[in-house]
Amino acid sequence: MATLLQPEKVLYLVRGEKKIRVPLSQLYFCRYCSELRSLECVSHEVDSHFCPSCLENMPSAEAKLKKNRCANCFDCPCCMHTLSTRATNIPAPLPDDPTKTTMKKAYYLACGFCRWTSRDVGMADKSVASGGWQEPENPHTQRINKLIEYYQQLAQREKLERDRKKLARRRPFMPQAFSEKYGLGTRLQRQRSGAPISALYGLSLKEGEDQKEITIEPAQALDEVEPLPEDYYTRPVNLPEVTTLRQRLLQPDFQPAGASQLHPRHKHLLMKRSLRCRKCEHNLSKPEFNPTSIKFKIQLVAVQTLFTLSGLTITVLQCVLALCCVLVPSKELVLSGKDAAAEYDELAEPQGFQDDPDVVAFRKSNKIGFFIKVVPQREEGDVTVAFKLRHDFRNLAAPIRPTEEGEATSEAIWLTHHVELSLGPLAT
Amino acid sequence: MPLFEGLGSGGEKTAVVIDLGAAYTKCGFAGETGPRFIIPSEIKHAGSPEAVRVVQYNINTEELYSILKEFVHLLYFRHLLVNPRDRRVVIVESILCPSHFRETLSRVFFKHFEVPSVLFAPSHLMSVMTLGIQSALVMDCGYTETLIYEGIPILSAWEALPMGGKAIHKELHSLLSEQCTLDTDSGPGLSLPTVISAIPEDVVEDIKVRTCFVSDLQRGMKIQEAKFNLDGSAERPAPPPDVEYPLDGRKILHIKGSISFPSIHFVCSVFVPRQCPIDTRKVLSENLVIIGGTSMLPGFLHRLLSEIRSLVEKPKYRDALATKSFRIHSPPAKPNCTAWLGGAIFGALQDILGSRSVSRDYYNQTGRIPDWCCLSTPLPDSVYEAGKTPPPLMKRAFSTEK
């Protein structure tokens, strides 16, 4: 059992790609494969996006469009806290009568933690509370788009050639150079009238094509770079004015060196994850859609479906030098199933199980305590006990197929788990 | 418009572009103008205060696998917020990356995250793609090394120097320990080693980024002379004023203005393209591209150009290089994102991205990824075409030109 204070006393062995030992609270149980799964052997998927400050769910199409950023919330560029919108009253002239002034509301962004405001970077106050704030645009966007179009054209050509070569290869009786020049090429030319074949040598744009040709100017190199301003040598550095590396990297497009150019960015979203078994592709865990809900639509955690081992009262017998050996009860122990209502029933009747008092310590609804004798075989150090636990598992939630008898029964499968208990250091 | 490409306009989803650097990782989507996030390449565990570096070449495969797995998990589920199974991956990497690192990384992507395909793109070639020119001399001043490389990759002509941001940090750290004083509650003017044993790396990085700059050539030469001049006849130019840097709120570190170091000189001396064929030297020297975060120090580019120009006058290089003109390009992105941008541009070419990547099926069949130094990989058919000039877009260059 893993509790808050004793995280890893009881570990279960999970056989995935590698063998790892994990407490049961971190495991899932795939009831279709009837095996334990840890976080390493399931595949994670993004389920839904939401904003961590306004807790609003965002559909994935919109999230993609907005680059996974919330439309309403902003982050402080100095300390990454969430910005709040504040309102002030400013005098503004009335539209009808320029001489009279009324108070109008103006909104600005402010950080409650580091006292940064949008006025520090020169952003004008807006007249609407939300939706008025824009992020600055990257000045190189157009050039980059042009470059992409140009390269896409080259890529299309390469793809055409590749396809043409594939077709040419299907006629092995023709030598390759021949077919490219005459056979297939002319056929293609006839099919696409009006589109001349580009030369095979090189993918440059020197041949004329009647289709829209995209050329770009190659970048011009500069002879001179601007030198360091002279006052670097004499001016004392004003540290609060210079941005830290972390602040700069929050805005990768601009990376401003001065704090007066730090613009706020929209808040980045968080996501909810769903887990899927890799072998049978069934969902093991699927959270709810609503960001404020902590429940799950599907939750196949091991703690609920299997049973847990916890708490130990041990009797230590002797010390012998070797590995630790354990004497386990040789009989099967019978445990009644989990009954949720019985938790609240204080006067539970004895359930009629005949227990051997040497083996079973106590029994209550679906809990049982039994004795294990542990013989540590080293004089000092931590004692770890490993044993295999075998139990039968009835898959009650499996889809009920109507059988001929009309009964809904499910078979019991026997599962074996390798468990390790760490009992702590020996008292010297 | 690239913005609407992903909305089911008939193509596949945009690829994920990742540039795993030694100090920082840039990640984002293909077709965009800048990376979504630039995050430090390290993982923080709950127990230990020190973060674990992701890009390490000396640790064993199992540990590297689990570190990379955790890091890529963070990238996908905290920063990019997409499913790994849906999108192709473009990894921008340095040519000098050791094979076992690359193989472990591809194992993480294919086995654990089950991505459809992975493309390893050389970072220098990608930076040239952002300019629209055919060839250039690319210098990458990163964290661990400085690498000089040609576009239309001539693989025999590269040079690398173990001098990057890390060396600057180390030098700065030692100079700070020697020369600076610390003000704490107990009293002013204490020397650094008495109070704290070592300045943490991120503090040194912060000091470097915010307060350091590269001075111009004349000043640099004077400082050099003053350093090595034993009889004190050469004069140091007046140092810039001191900076008071607050450490931990209570302590204030006084940084003397006179800290400087001559590493720029070393970097420039290997810059001259001696190893390239003679006919390309002129073209290359007129097309210089500088990428990498360390080159964003104020004054770096100007100093680099002036050093080159002064070095070319020296007899050692004068014969090697007939040309005297050197020109620097300015790519449409910051130097630390240029290689990423090239990868994003390439990743947007959906027609050929598929054919040039290593697909998951291929990886499952062969169990490894093709590497430029490995001759047992069968060449793609296109290389057998006689007389065909290779296009400027290449996954790995098997150039027969020398």
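What you are looking at is a predicted structure, and each value in this text was computed from that prediction instead of being measured.

Attention now goes to the overall build of chain B. The number of helices and strands found in chain B is 14 helices and 16 strands. Within the span of chain B, comprising 402 residues, buried residues form 53% of the whole. Long-range contacts, defined here as pairs at least 24 residues apart, represent 66% of the contacts in chain B between residues at least 6 apart. Element-wise, carbon and sulfur atoms account for 55% of the exposed surface of chain B, whose accessible area totals about 17,400 Å².

Residue and element names in this part refer to chain B. The predicted model of chain B has a mean per-residue pLDDT of 71, with 57% of residues at 70 or higher. Taken together, the stretch residues 1-9 has pLDDT below 50 and engages in 11 contacts with residues farther than four places along the chain or on a different chain. The model gives residues 256-263 a pLDDT under 50, and that stretch makes 24 contacts with residues more than four places away or in other chains. For this predicted complex, the interface score ipTM comes out at 0.77, while the overall pTM is 0.79.

Turning our attention to the pairing of strand β1 (residues 10-15) of chain A. Residues and elements named next belong to chain A. Within β1, five of the six residues are buried, which leaves it mostly tucked inside the rest of the structure. The pairing of β1 with strand β20 (residues 412-425) spans three bridges and is classified as antiparallel. Bridge pairing in β20 places V10 opposite L421. Bridge count between β1 and strand β2 (residues 19-23): five bridges; the pairing is antiparallel. Counted as the bridge partner of V14 is I20 from β2.

Its location among the elements puts P84 of chain B in the loop between α1 (61-80) and β6 (89-93). Distance in space between the C-alpha atoms of P84 of chain B and L105 of chain B is 14 Å, their sequence separation being 21 residues. What P84 of chain B contacts, discounting residues up to four positions off in sequence, is H44 of chain A together with Y76, F77, F113, E114, V115 and P116 of chain B.

Positive phi is not limited to glycine here, since E281 of chain A has a value of about 60°. For E281 of chain A, a relative accessible area of 36% corresponds to the partly exposed category. Positive phi is not limited to glycine here, since E114 of chain B has a value of about 55°. By the element assignment, E114 of chain B lies in the loop between α2 (99-112) and β7 (117-122).

All names here are of chain B. A complete count under the given rule lists five aromatic pairs over all chains for this structure. Taking 5.3 Å as the distance between ring centres and 80° as the angle between the ring planes, the aromatic pair formed by Y57 and F101 counts as edge-to-face. Of this pair, Y57 sits in the loop between β5 (52-53) and α1 while F101 sits in helix α2, and the two are 44 residues apart along the sequence. Accessibility expressed as a relative area gives 38% for Y57, which makes it partly exposed. Note on Y76 and F109: the rings are 6.5 Å apart at their centroids and 75° apart in plane angle, and the pair reads as edge-to-face. With Y76 in helix α1 and F109 in helix α2, the pair connects residues that are 33 residues apart, well separated along the chain. Look at F109 and you get buried, because its relative accessible area is 2%.

Further remarks concern the sheet that holds strand β5 (residues 42-50) of chain A. Backbone hydrogen bonds are what pair the strands of a sheet, in a parallel or an antiparallel way. Read across the open sheet, the five strands follow the order β6-β5-β11-β12-β13 (chain A); overall the sheet is antiparallel. The open sheet has two edge strands with one neighbour each: β6 (57-58) and β13 (296-299) of chain A. Of the strand pairs in this sheet, β5 of chain A and β6 of chain A are connected by two bridges, and their pairing is antiparallel. Directly across from F50 of chain A, in β6 of chain A, lies its bridge partner N57 of chain A. Lying on the sheet, α1 of chain B is in contact with β5 and β11 (270-277) of chain A; it crosses β5 of chain A at an angle near 25°.

About the thresholds
- Residues numbered from 1 in each chain as written.
- Chains lettered and ligands numbered in written order.
- Predicted model: local features only at pLDDT ≥ 70, side-chain atom pairs only at ≥ 80, totals over all residues.
- Heavy atoms only, no water.
- Helix = DSSP H or I, 4+ residues; strand = E, 2+ residues; numbered from the N terminus.
- Buried < 20%, exposed > 50% of the residue type's maximum accessible area, 1.4 Å probe, protein only.
- Contact = heavy atoms within 4.5 Å.
- Areas by Shrake-Rupley, 256 points an atom, 1.4 Å probe, with all protein chains shown as cover.
- pLDDT = per-residue confidence, 0-100.
- Pairing = 2+ DSSP bridges.
- Phe/Tyr/Trp six-rings, centres within 6.5 Å; stacked < 30°, edge-to-face > 60°.
- Axes fitted to C-alpha atoms, helices over the stretch in contact; angles between N-to-C directions.

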